[in-house]
Amino acid sequence: MADVTDWLARFQTALSPAADPAGATAMAAYMRGHFAYLGVATPLRRQLTKTLVREARSSLDEVTLLNLCDALWRESQREYQYAACDLLDACSKSLTPAALPRLEALVTSKSWWDTVDDLAGDIIGGLVLRHRALVPRMDELVRHPDLWLRRTAILYQLGWKTETDQPRLFAACLANAADPDFFIRKAIGWGLRQYARVAPDEVRNFLLVHRNVLSPLSVREAGKHLG
């Protein structure tokens, strides 16, 4: 744990001096008061932690990396969770299937769209694309009681383009179509809209067939670029 403690201290040293109280107030307000902030904007945060992220990517094994992300996640200010996502993004291609339960735990902790969407689309999605044996687990998450894991199960194929598993995407959307939660309905629309970039006719037909099942929000979001 000493190594992780040292790494956490280095991230704190990089970010804490850049704290901006006025910026922190505005950022917290934008996120509806769910989280405290240092007030470090994304471009500056990434600039300040760039060297640390690069060094961690080249020197940390997977377990230590995930332990460091857990430590960053426990910090009070939201920028540390963002830094953990930056770190996972940078190391995503080296993650193994053993990382998935740890990533799911991050999805369900301090959950909001900002971290969940990064974890779902870029990190978990990339992991499942490389390791298709994880797909059955994503099928399980489609009906998970935790809405953020369900959002993840809808969105993990966002970057798959022509490799998108159409039946699974459509099934995930239909399984959650009746959910009244805004973030689920928005995820359905987003997932379908992204897939429409490579399969517009299929998405258009899906919307026509299931228009009475999908929420107006999902249909509107899905059809934004379909005309």
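The structure this text deals with has already been given above.
These numbers come from a predicted model, not from an experiment.

Asks: What am I meant to see in the overall build of the chain here?
Replies: Along the backbone of the chain there are 13 helices and 0 strands. Secondary structure elements of the chain, listed N to C terminal, follow the sequence α-α-α-α-α-α-α-α-α-α-α-α-α. Taking 227 residues into account, the globule formula puts the C-alpha radius of gyration at 17 Å, and the chain, at 19 Å, falls close to it. With the C-alpha coordinates aligned to their principal axes, the bounding extent of the chain is approximately 55 × 40 × 30 Å. A total of 227 residues make up the chain; the buried ones form 50% of that total. At a minimum sequence separation of 6, the contacts of the chain that also span at least 24 residues come to 70%. Accessible surface computed for the chain: about 10,800 Å², of which carbon and sulfur atoms make up 54%. Treating the 28 positive side-chain charges of the chain as one cloud and the 26 negative ones as another, the clouds have centres 6 Å apart.

Asks: Just checking my understanding: could you explain the packing of aromatic side chains for this structure?
Replies: In this description, an aromatic ring pair is defined by two values, namely the gap between the centres and the angle between the planes. For the structure on display, the rule yields 8 aromatic pairs. The interplanar angle of 50° and the centroid separation of 6.2 Å between the aromatic rings of tyrosine 37 and tyrosine 82 together place this pair among those described as tilted. A residue pair is termed long-range when its members are at least 10 positions apart, and tyrosine 37 in the loop between helix H2 (21-30) and helix H3 (42-59) and tyrosine 82 in helix H5 (residues 78-91) qualify at 45 residues. Residue tyrosine 37 is classed as buried on the basis of its relative accessible area of 9%. Residue classification places tyrosine 82 among the buried positions, given a relative accessible area of 15%. Taking the centre distance of 5.4 Å and the plane angle of 80° together, the rings of phenylalanine 182 and phenylalanine 183 count as edge-to-face. Using a relative accessible area of 43% as the deciding quantity, one classes phenylalanine 182 as partly exposed. Phenylalanine 183 sits in the buried class, given a relative accessible area of 12%. Sitting over the ring of tryptophan 7, arginine 10 keeps its end group 4.6 Å from the ring centre.

Asks: Would you mind showing me how to read the pattern of salt bridges here?
Replies: Side chains that carry opposite charge are capable of pairing whenever their charged atoms lie near each other. The final tally for this structure, using the stated rule, is 16 salt bridges. Note that arginine 46 is salt-bridged to aspartate 86, the shortest N-O span being 3.3 Å. One end of the pair, arginine 46, is in helix H3; the other, aspartate 86, is in helix H5, and 40 residues separate them in sequence. Glutamate 221 is paired through a salt bridge with lysine 186; the nearest N and O atoms lie 3.1 Å apart. One end of the pair, glutamate 221, is in helix H13 (residues 216-222); the other, lysine 186, is in helix H11 (residues 182-196), and 35 residues separate them in sequence. On the basis of relative accessibility, which here comes to 6%, the residue glutamate 221 falls in the buried class. For lysine 186, a relative accessible area of 27% translates into the label partly exposed. Bridged by salt links that share partners, the residues Lys186, Arg193, Glu221 and Lys224 form one connected network.

Asks: Which parts of the structure should I look at to understand the side chain of aspartate 117?
Replies: Here aspartate 117 shows up in helix H7 (residues 113-130). Looking at aspartate 117, its side chain comes within polar contact range of the side chain of arginine 151, at 2.8 Å. Beyond its immediate sequence surroundings of up to four residues, aspartate 117 is in contact with Asp122, Arg151, Leu155 and Trp190.

Asks: Would you mind going over unusual backbone geometry with me for this structure?
Replies: With glycine set apart, most residues show a phi of negative sign, and most peptide bonds adopt trans. Its identity as a non-glycine residue notwithstanding, lysine 110 has a phi of 50°, on the positive side. On the secondary structure map, lysine 110 appears in the loop between helix H6 (100-107) and H7. The phi dihedral of lysine 161 falls on the positive side, at around 50°, and the residue is not glycine. Within the secondary structure, lysine 161 sits in the loop between helix H9 (147-155) and helix H10 (166-175).

Asks: Before we go on, may I ask you to explain H5 in this structure?
Replies: For an α-helix, the turn length of 3.6 residues means that residues three or four places apart are oriented alike. An ideal rise of 1.5 Å per residue puts 20 Å on 14 residues; H5 measures up with 20 Å between its terminal C-alpha atoms. Buried residues dominate H5, accounting for 12 of its 14 residues. Those residues of H5 that sit buried are Arg78, Glu79, Tyr80, Gln81, Tyr82, Ala83, Ala84, Cys85, Asp86, Leu87, Leu88 and Cys91.

What counts and how
Position numbers for residues start from 1 in each chain and track the written sequence from start to end. Only residues with pLDDT of 70 or above have their local features reported here, since the model is predicted, and side-chain atom pairs are shown and tallied only from 80 upward, although totals for entire chains, interfaces and linings are computed over all residues. To obtain the side-chain values, all non-hydrogen atoms of the structure were used and water was disregarded. Secondary structure elements are taken from DSSP: a helix is a run of H or I of four residues or more, a strand is a run of E of two residues or more, and numbering for both begins at the N terminus. We compute the radius of gyration from the C-alpha atoms alone; for a globule the expected value is 2.2 Å times N to the 0.38, where N is the number of residues. Throughout, exposure labels follow a simple rule: accessible area from a 1.4 Å probe, protein chains only, divided by the maximum for the residue type, with under 20% read as buried, over 50% as exposed, and the rest as partly exposed. The contact criterion used is simple: two residues touch if any of their non-hydrogen atoms lie within 4.5 Å. Here, Shrake-Rupley sampling with a 1.4 Å probe gives the accessible areas, and only protein chains in the shown set may cover a residue. Residues scored as positive are Lys and Arg, those scored as negative are Asp and Glu, and His as well as the terminal groups of each chain are ignored. Think of each charge as sitting on NZ of Lys, CZ of Arg, CG of Asp or CD of Glu. Any two of the Phe, Tyr and Trp rings considered here, Trp counted by its six-membered ring, make a pair once their centres fall within 6.5 Å; the pair's planes then place it as stacked at under 30 degrees, edge-to-face at over 60, or tilted in between. Geometrically, a charge over a ring is one whose NZ (Lys) or CZ (Arg) sits within 6 Å of the ring centre while staying within 35 degrees of the ring normal. By definition here, a salt bridge exists when the distance from a side-chain nitrogen of Lys or Arg to a carboxyl oxygen of Asp or Glu is within 4 Å. Whenever a nitrogen or oxygen atom comes within 3.5 Å of another N or O atom, the pair is scored as a polar contact, on the condition that within protein one atom can donate a hydrogen and the other can accept it, and that pairs from neighbouring residues in sequence are kept only if both atoms are in side chains. One less than the number of residues in a helix, times 1.5 Å, gives the span that helix is expected to have.

Geometric values such as these leave the question of function open.
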